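Here is what each chain is made of, one letter per residue.
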Amino acid sequence: MSGASEREANAGSSPTLASSQSAEPAWARRDAEMDRFLDELIAKMTLQEKVGQLTLLTSDWESTGPTMREGYKQDIAAGRVGAIFNAYTAEYTRDLQAMAVEGTRLGIPLLFGYDVIHGHRTIFPISLGEAASWDLDAIEESARISAVEASAEGIHWTFSPMVDVSRDARWGRGSEGAGEDVFLGSLIAKARVRGYQGDDLGAIDTVLATAKHFAAYGAAQAGRDYHTVDISERTLRDTYLPPFKAAVDEGVATFMTAFNEYDGVPASGSRFLLTDVLRDEWGFDGFVVTDYTSINEMVPHGYARNLAQAGEQALHAGVDMDMQGAVFMENMVNSVEQGRVSQAGIDRAVRRVLEMKYRLGLFEDPYRYADAERQQATLYKPEFLDAARDVARKSMVLLKNEGGTLPLAADANRIAVIGPLGDSKPDMIGSWAAAGDRQTRPVTVLEGLRARAGDGVRVDYAKGASYEFADEGKTDGFAEALALAEESDVIVAAMGEKWDMTGEAASRTSLDLPGNQQALLEQLVATGKPVVLVMMSGRPNSITWADEHVDAILHAWYPGTQGGHAVADVLFGDYNPSGKLPVTFPRNVGQVPIHYDMKNTGRPIELGAPGAKYVSRYLNTPNDPLYRFGYGLSYTSFGYSPATLSAASMGPGGSITARATVTNTGDRAGEEVVQLYVRDLVGSVTRPVQELKGFEKVMLQPGEARTVSFTLRPEDLAFTRADITHGWEPGEFQLWIAPSSGAAASTPVTFSITE
Ligand code: BGC
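Engineer: Whenever I open this one, the packing of helix α18 (residues 445-452) against helix α22 (residues 563-571) confuses me. Can you help?
Structural biologist: The interhelical angle for the contact between α18 and α22, taken along N-to-C directions, is 55 degrees, at an axis separation of 7 Å. Relative to α22, α18 is oriented oblique. Viewed along their axes, α18 and α22 form a crossing whose handedness is right-handed. Of the residues in α22, those in contact with Val445, Gly448, Leu449, Ala451 and Arg452 of α18 are Gly564, His565, Val567, Ala568 and Leu571.

Structure, rendered in structure tokens:
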């Protein structure tokens, strides 16, 4: 068995709820000296000072929400705030830190947080793009570099990873997560936590990570951001919670609540989520911060009569820190004095926050992260830029390649780059790009292709179309683009969505190409020239027409600072694409929500004759998606042998090893993500038609064959049973080792679990 397979198969059990007995993270070990120090400090603190430690405010450098509080510096100087976000650079964080340390009675240092989501200065592909690499080491490295850069600018704490499973392409925030799958998402959650936190929170180049948004934020009704979530506890536990549990198992230091309600209770007021599940079931030791003003929002939710009550509900539920709402700041002293909140409740939250400050080493030296020389020496290091380029090309997914259109032919002397994303620096880095430079540093597709094209190859650009919604129907730029297309050997159409059409508050009811891009694409295809569509976007778009008519499609997400170089690496064949989709691409928005691990229903379409009426289907669209979860092409081809099993059954404490031989049947070296899927045929509740339970990315030379093996134990097949307990059940299972999801991707073998 290969080591990687073993690691992945075994890791598969840990994201589950009941099966993991995770070791306590190193940072959570009791420290007698720390306890003494904090006892003494807390004993000296007034109630106002304590509430200050539970307050997080944004600086006025950036706005990541609807409110900005005037006078946050006065709040720092008055000891009314314990943490600041949206402030960075060694110089600025040092200045603010000095206000707290030198200007307040107890001199308690500030904690600086920031949304370092996919890079800090050197920007990597958006998180969904990174997930498409299925390369856990690369994802960990990206988080590591992000931590090194952010901490060199005074940041102690990132509001990442976003581990929300998302299955609705209308929802814009899917771009920030790892896609639709529980297993892949859980492993990526762990990789990111490891990358940010390393194994020592006290090291100056690591930062605290945050698992967000707890919980089920991705299940917003109709894909509309912040909308109601109404799902069963079983779906919550089997689909939305496992990546959070995985983050706890990996030792994540903090959690962020979600904006949505769960079971009628806003997440920031949910004792079920924040205490029963997070603390009591999972044993989480860090602190919980709310999302931006989400305590205040419990009033419009209709859960609290006023802000004071909302603050009390949040604290009782298990919130430790109030982000930006100033609800604790303005009401909590009164709530304690009137006996509605206990001193002990406040002390518990204060201790959790102060413990993190202690573990970061801030009481020893509050300025240890604010070092201008280190900052100067660290940002945009060449090796960081190289890593960003490498992750970017690993993230790209080749969706179509008719007749070997790609790599670009050696005799393509005139290349036309056409489309609004062909030469647009701001778009390359996507949303939530932290302190990333949007204006000058990003390498565009045009720049990347020009830098790579050999002597005598001309690469020209015409924008041609617009992605702005308002420009639908306009044709102003078409003539210029078509003239350029006619003179060229190949057209690279760089199209998709504007960078801020995904991310927060960026839901859509159409998944089509926005603006007038589709109309131009059709005219480009009509020229008869080969067309390569390079898609940039943060969600699955319905590119069904393109799939039928263009020659090649490469999905490049928003590929980051070095994105244009990475696109060139793939288009010229210097890198053989290896990405696989972490989300299902629907044919049209009407199929949404759609994901590979759906249930079979009582009337699956396969049971009817073609076109049969009384089966679960649409009248006008097939049930199958446009592209399946796990799908992606390469410039070479791979063959799979039938899967074999080490045994036909396993009992408690046992295991089964599944093997298949994968052969590179083409003539280029390439990487393949070999995927293991399982179906539990009968359960005490119905089970999905497939579930990913393992994968391994293997590099194969032409003609080379490799046997890939995965070991499964009964616990790896656990789920939330009829009685809401977590565990496996005896019975029959099907198993596939395949290049993508989908029952047609390979022939299953069967095994059983015995009692
Ligand atoms: C987002 C969070 C983010 C926070 C701070 C909120 O609007 O939902 O993901 O961490 O702002 O910027």
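There's plenty left to go through after this.
Engineer: Would you explain the packing of aromatic side chains in this entry?
Structural biologist: Two aromatic rings, taken as a pair, are described by how far apart their centres are and by the angle between their planes. Inspection of the entire model under this criterion finds 28 aromatic pairs. Note on Phe214 and Phe255: the rings are 5.0 Å apart at their centroids and 85 degrees apart in plane angle, and the pair reads as edge-to-face. Highlighted residues: Phe214 in strand β5 (residues 210-214) and Phe255 in strand β6 (residues 254-257), separated in sequence by 41 residues. If you follow Arg438 out to its NZ or CZ, it ends over the ring of Trp499, 3.5 Å from the centre. Across from the ring centre of Tyr380, 3.5 Å away, lies the NZ or CZ of Arg441, which sits over that ring.

Engineer: Is there a simple way to think about the site of the ligand in this case?
Structural biologist: The ligand sits among 14 residues. The nearest are Asp115, Arg173, His213, Asp291 and Glu504. Within the contact set of the ligand, an oxygen atom lies 2.8 Å away from a side-chain nitrogen or oxygen of Lys212. Contact with the protein chains hides 99% of the accessible area of the ligand, taken as 310 Å² for the molecule alone. When the residues that make up the shell around the ligand are grouped by side-chain class, the tally is 7 nonpolar, 2 polar and 5 charged.

Engineer: Whenever I open this one, the packing of helix α8 (residues 182-197) against helix α10 (residues 242-249) confuses me. Can you help?
Structural biologist: Packed helices, taken two at a time, are described by their axes: the angle between them and the distance between them. The N-to-C vectors of α8 and α10 enclose an angle of 30 degrees; their axes lie 8 Å apart at closest approach. On the basis of their axis angle, the class for α8 and α10 is roughly parallel. Relative to α10, the crossing made by α8 is right-handed. In contact with Val182, Gly185, Ser186, Ala189, Lys190 and Val193 of α8, α10 contributes Pro242, Pro243, Ala246, Ala247 and Asp249.

Engineer: Help me understand the domain arrangement of the protein in this model?
Structural biologist: How big an interface is tends to be expressed through the accessible area that disappears when the partners come together. Looking at the assigned domains, one finds that the protein contains domain 1 (390-579) and domain 2 (636-753). For domain 1 versus domain 2, the separation of C-alpha centres amounts to 35 Å. Across the domain 1/domain 2 interface, buried area totals approximately 470 Å², and carbon plus sulfur atoms make up 30% of it. If you look at where domain 1 meets domain 2, you find 0 salt bridges. Linking domain 1 with domain 2 are 4 residue pairs in polar contact (both at pLDDT 80 or more), by the criterion used here. Class assignment of the residues belonging to the side of domain 1 that touches domain 2 gives a composition of 2 nonpolar, 3 polar and 1 charged.

Engineer: How should the confidence of the model for the protein be read in this particular structure?
Structural biologist: Regions with low pLDDT carry predicted coordinates that are not meant to be interpreted in detail. Put simply, the protein has an average pLDDT of 95, and 97% of its residues get 70 or more. Here residues 1-21 is a poorly scored stretch, pLDDT under 50, and it has 49 contacts once near neighbours within four places are set aside; other chains count.

Engineer: Got a minute to help me understand the environment of Met332 in this structure?
Structural biologist: Along the chain, the position of Met332 falls in helix α13 (residues 327-337). Separated by 211 residues in the primary sequence, Met332 and Ile543 have C-alpha atoms spaced 52 Å apart. Non-local contacts of Met332, meaning those with residues more than four positions away in its chain, are made with Val51, Gly311, Glu312, Leu315, Val327, Val341 and Ile346.

Engineer: Teacher, can you tell me more about helix α5 (residues 90-103) here?
Structural biologist: Along an α-helix, residues three or four positions apart point the same way, because every turn accommodates 3.6 residues. In a regular helix each residue adds 1.5 Å, so 14 residues correspond to 20 Å; α5 covers 19 Å between its end C-alpha atoms and thus fits that length. Turning to α5, its buried residues are Ala90, Tyr92, Thr93, Leu96, Gln97 and Ala100. In this structure, the buried side of α5 is in contact with α4 (72-77), β2 (83-85), β3 (111-114) and α15 (372-378).

Engineer: It is not clear to me how the pattern of salt bridges should be interpreted in this structure. Could you clarify?
Structural biologist: Enumeration according to the criterion identifies 48 salt bridges in this entry. Among the ionic pairs, Arg194 bridges to Glu140, the shortest N-O distance being 2.9 Å. Placement of Arg194 in helix α8 and of Glu140 in helix α7 (residues 136-151) is noted, with a sequence separation of 54 residues between them. Counted as one network, the salt bridges with shared partners bring together Arg30, Asp35, Asp39, Arg351, Glu355 and Arg359.

The rules we used
Residues numbered from 1 in each chain as written. Predicted model: local features only at pLDDT ≥ 70, side-chain atom pairs only at ≥ 80, totals over all residues. Heavy atoms only, no water. Axes fitted to C-alpha atoms, helices over the stretch in contact; angles between N-to-C directions. Helix = DSSP H or I, 4+ residues; strand = E, 2+ residues; numbered from the N terminus. Parallel < 35°, antiparallel > 145°, perpendicular 65-115°, else oblique. Left-handed = near helix turned anticlockwise from the far one by under 90°. Contact = heavy atoms within 4.5 Å. Phe/Tyr/Trp six-rings, centres within 6.5 Å; stacked < 30°, edge-to-face > 60°. Lys NZ or Arg CZ within 6 Å of the ring centre and 35° of its normal. Near = heavy atom within 4 Å. Polar contact = N/O pair within 3.5 Å; in protein donor to acceptor, adjacent residues only side chain to side chain. Areas by Shrake-Rupley, 256 points an atom, 1.4 Å probe, with all protein chains shown as cover. Nonpolar A, V, L, I, M, F, W, Y, C, P; charged D, E, K, R; others polar. Domains from an automatic or database assignment. Buried area = accessible area lost by both parts, 1.4 Å probe. Salt bridge = Lys/Arg side-chain N within 4 Å of Asp/Glu carboxyl O. pLDDT = per-residue confidence, 0-100. Expected span 1.5 Å × (residues − 1). Buried < 20%, exposed > 50% of the residue type's maximum accessible area, 1.4 Å probe, protein only.

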